[in-house]
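Descriptive analysis of the structure
For reference, the chains in residue letters:
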Amino acid sequence: MIATEKIMIEKTKNSRLGEVDFNHLPFGSIMSDHMLVSDYIDGEWGSSSIIPFGNIAMSPTMLALHYGQIVFEGMKAFKMKDGSISIFRVEKHYDRFCKSMERMCIPAMSFDHFNEALKTLIKLDAAWVPGTEGSSLYIRPFVFASEERFGVKVAEEYKFIIFSGPVGPYYSNPLKVKVEDKYRRAARGGTGSAKCAGNYGGAFYPSSLARKEGFDQVLWTDGSADLNIEESGTMNVMFMINDVFVTPPLSDSILDGVTRDSFITIAKDMGIKIEERKIGAPELISAHEKGILQEAFGTGTAAVVAPIQVINIKGKDYTLPTVKDSNVALKIKQRLLDIRLGNAPDKNNWNTIIKP
Ligand SMILES: *Cc1c(COP(=O)(O)O)cnc(C)c1O
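Within each chain, residues carry numbers counting from 1 in the order of the written sequence. Reporting of local features is limited, given that this is a predicted model, to residues whose pLDDT is at least 70; pairs of side-chain atoms are given and counted only at 80 or more, and all residues count toward the totals for whole chains, interfaces and linings. Calculation of side-chain values draws on the structure's entire complement of heavy atoms; hydrogens and water are dropped beforehand.

Turning to the pairing of strand β4 (residues 49-52), a few remarks are in order. As paired strands, strand β1 (residues 8-9) and β4 are joined by 2 bridges and run parallel to one another. By the bridge assignment for β4, Ile9 is matched with Ile50. By definition, two strands form a pair when at least two bridges between them are found by DSSP. Strands are runs of DSSP state E lasting at least 2 residues, helices are runs of H or I lasting at least 4, and numbering of each runs from the N terminus. By the bridge criterion, 4 bridges tie strand β2 (residues 34-41) to β4 in an arrangement that is antiparallel. Bridge pairing in β4 links Val37 to Ser49.

Let's shift gears to the side chain of Glu73. Here Glu73 is to be found in the loop between β5 (70-72) and β6 (75-79). Between two residues, a contact is recorded if the distance between any of their heavy atoms is within 4.5 Å. In this structure Glu73 touches His93, Arg96, Phe97, Tyr138, Ile139, Arg140, Pro141 and Lys195, once residues within four positions along its chain are discounted.

In this section: the nonpolar core. Nonpolar core, defined: a set of buried Ala, Val, Leu, Ile, Met, Phe, Trp, Tyr and Cys residues in which side-chain atoms within 4.5 Å join the residues together. Three labels apply to residues, based on accessible area from a 1.4 Å probe with only protein chains included: buried if under 20% of the type maximum, exposed if over 50%, partly exposed otherwise in between. Grouped together as the largest cluster of nonpolar side chains are 48 residues, with contacts concentrated most on Ile87, Phe114, Leu118, Ile122, Ile139 and Phe160. Here this core gets 6 residues from one element, more than from any other, and that element is strand β8 (residues 136-145). Val244, Leu293, Ala296 and Tyr318 belong to the second largest nonpolar core, which has 25 residues in total.

To get an axis, fit a line to the C-alpha atoms, keeping to the stretch in contact for a helix; angles then go from 0 to 180 degrees between the N-to-C directions. Where helix α5 (residues 258-269) contacts helix α7 (residues 328-341), the axes come no closer than 10 Å and their chain directions differ by 105°. Judged by the angle between their axes, α5 and α7 are roughly perpendicular. Contacts between α5 and α7 involve Thr259, Ser262, Phe263, Ile266, Ala267 and Asp269 from the first element and Ala329, Ile332, Lys333, Arg335, Leu336 and Ile339 from the second. Counted by class, the contact of α5 with α7 contains 7 nonpolar, 2 polar and 3 charged residues. Between 65 and 115 degrees an angle is taken as roughly perpendicular, under 35 as roughly parallel, over 145 as roughly antiparallel, and anywhere else as oblique. Only Asp, Glu, Lys and Arg are considered charged in this grouping, and only Ala, Val, Leu, Ile, Met, Phe, Trp, Tyr, Cys and Pro are considered nonpolar; every other residue, Gly among them, is considered polar.

For the rest of this paragraph, the subject is the domain arrangement of the protein chain. Bear in mind that the domain bounds are from an automatic or database domain assignment. Looking at the protein chain, the domain boundaries give domain 1 (2-169) and domain 2 (175-341). With 22 residues of domain 1 at the interface, the matching set in domain 2 holds 19 residues. Taken together, both faces of the contact between domain 1 and domain 2 bury some 1900 Å²; the carbon and sulfur share is 61%. Buried area is understood as the total, over both parts, of accessible area removed when two parts are fitted together, assessed with a 1.4 Å probe. In terms of surface lost to domain 2, no three residues of domain 1 exceed Phe72, Phe88 and Arg96, which account for 31% of the buried area on that side. Put simply, a salt bridge is a Lys or Arg side-chain nitrogen that is within 4 Å of an Asp or Glu carboxyl oxygen. On inspection of domain 1 and its partner domain 2, the count reaches 2 salt bridges. Arg89 serves as the salt-bridge partner of Asp261, at 2.8 Å between the closest nitrogen and oxygen. Identification of polar contacts relies on pairs of N or O atoms within 3.5 Å, with a donor-acceptor requirement for protein atoms, meaning one able to donate a hydrogen and the other able to accept it, and with residues adjacent in sequence counted only if both atoms are side-chain atoms. Between domain 1 and domain 2 we count 13 residue pairs in polar contact (both at pLDDT 80 or more) in total. Contributions of two or more residues to the side of domain 1 that touches domain 2 are made by β5, β6, β7 (85-88) and α2 (90-103). Considering each element in turn, the side of domain 1 that touches domain 2 owes the most residues, 5 residues, to α2. Looking at the side of domain 1 that touches domain 2 residue by residue, the classes come out as 10 nonpolar, 4 polar and 8 charged.

Here's what the structure looks like:
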């Protein structure tokens with residue numbers, strides 16, 4: 001293993017920390033003081049620099065803007081009860097970042113490069129990790145084709161950036177979702193399992209149509225006659241049927257969610273039965289008719305769990321039992337939060353601890 005290269009740090013002279021109201025944090029508009037930048041040039045990733053958060057200069061010909069080689073991650077850091085900071089599941093996020101990069105033909109980056117960058121940045125901006133209940137520091141690593149020329153080609157230069165920002169608790173009312181039977185988010189052989197920017201752009205139009213019809217988001221399907229469910233908006237999806245959790249199996253059209261994986265691990269640990277298998281509209285309808293469709297919810301880093309109240313299939317609403325604190329999904333969510341905050345043992349070594 002090569003020795004970790006030194007990270008240059010230029011600290012801000014104008015910290016914005018004092019301007020932030022940590023009790024009222026909007027999602028996605030407050031950025032911490034610093035960001036990390038590193039460039040891929042001449043066939044290798046160069047050393048990283050940490051600089052004050054700010055704009056970056058670019059040419060209108062920058063390849064990412066035209067051909068979409070852009071991959072990102074979304075992860076979180078928490079203030080633990082002893083004041084340390086835990087970053088959740090760094091290895092799993094790194095592995096997914098690499099898979100996404102490979103699918104988008106972006107050159108690989110070593111774990112050391114990613115991990116040292118992340119840890120050094122979060123340690124420097126440790127004061128930005130909120131301590132109020134339910135809040136966290138959202139971390140956004142991303143990489144894009146930075147080469148400047150307009151011919152269609154795989155870029156030879158890339159930029160890797162990590163920035164972060166404090167976010168408050170994510171309250172979502174139980175969702176009303178629609179099984180999308182016209183548009184698809186991802187297809188077999190496509191880029192659905194990569195966390196690439198274009199997947200989001202492509203999902204906006206069908207989602208906005210669903211919103212106009214009064215739904216919060218869509219349940220994406222595989223487009224088959226059975227309308228096998230794949231994901232819920234930008235989250236993975238799970239159902240509880242007759243006391244068993246059912247979630248669609250991973251494929252190249254489903255994103256391998258870190259929250260999904262954590263949920264499955266915790267559920268198994270708690271003795272809850274969980275099945276990774278196909279689940280289509282006919283099964284949801286029949287389970288609902290029998291009264292055994294108990295819970296449905298999305299899982300993702302932003303919300304952890306977003307309970308679903310109503311599922312619309314081919315124009316008909318199927319209403320689930322009212323979401324209560326006793327829902328199994330919410331119990332697992334609590335266990336997950338306890339592990340992150342150091343209130344429950346971290347048996348699987350999910351936390352990377354940073355001492356500020
Ligand atoms: C990021 C994402 C998820 C959730 O993944 P987490 O790692 O749990 O945040 C699910 N589906 C899609 C399409 C995503 O982009």
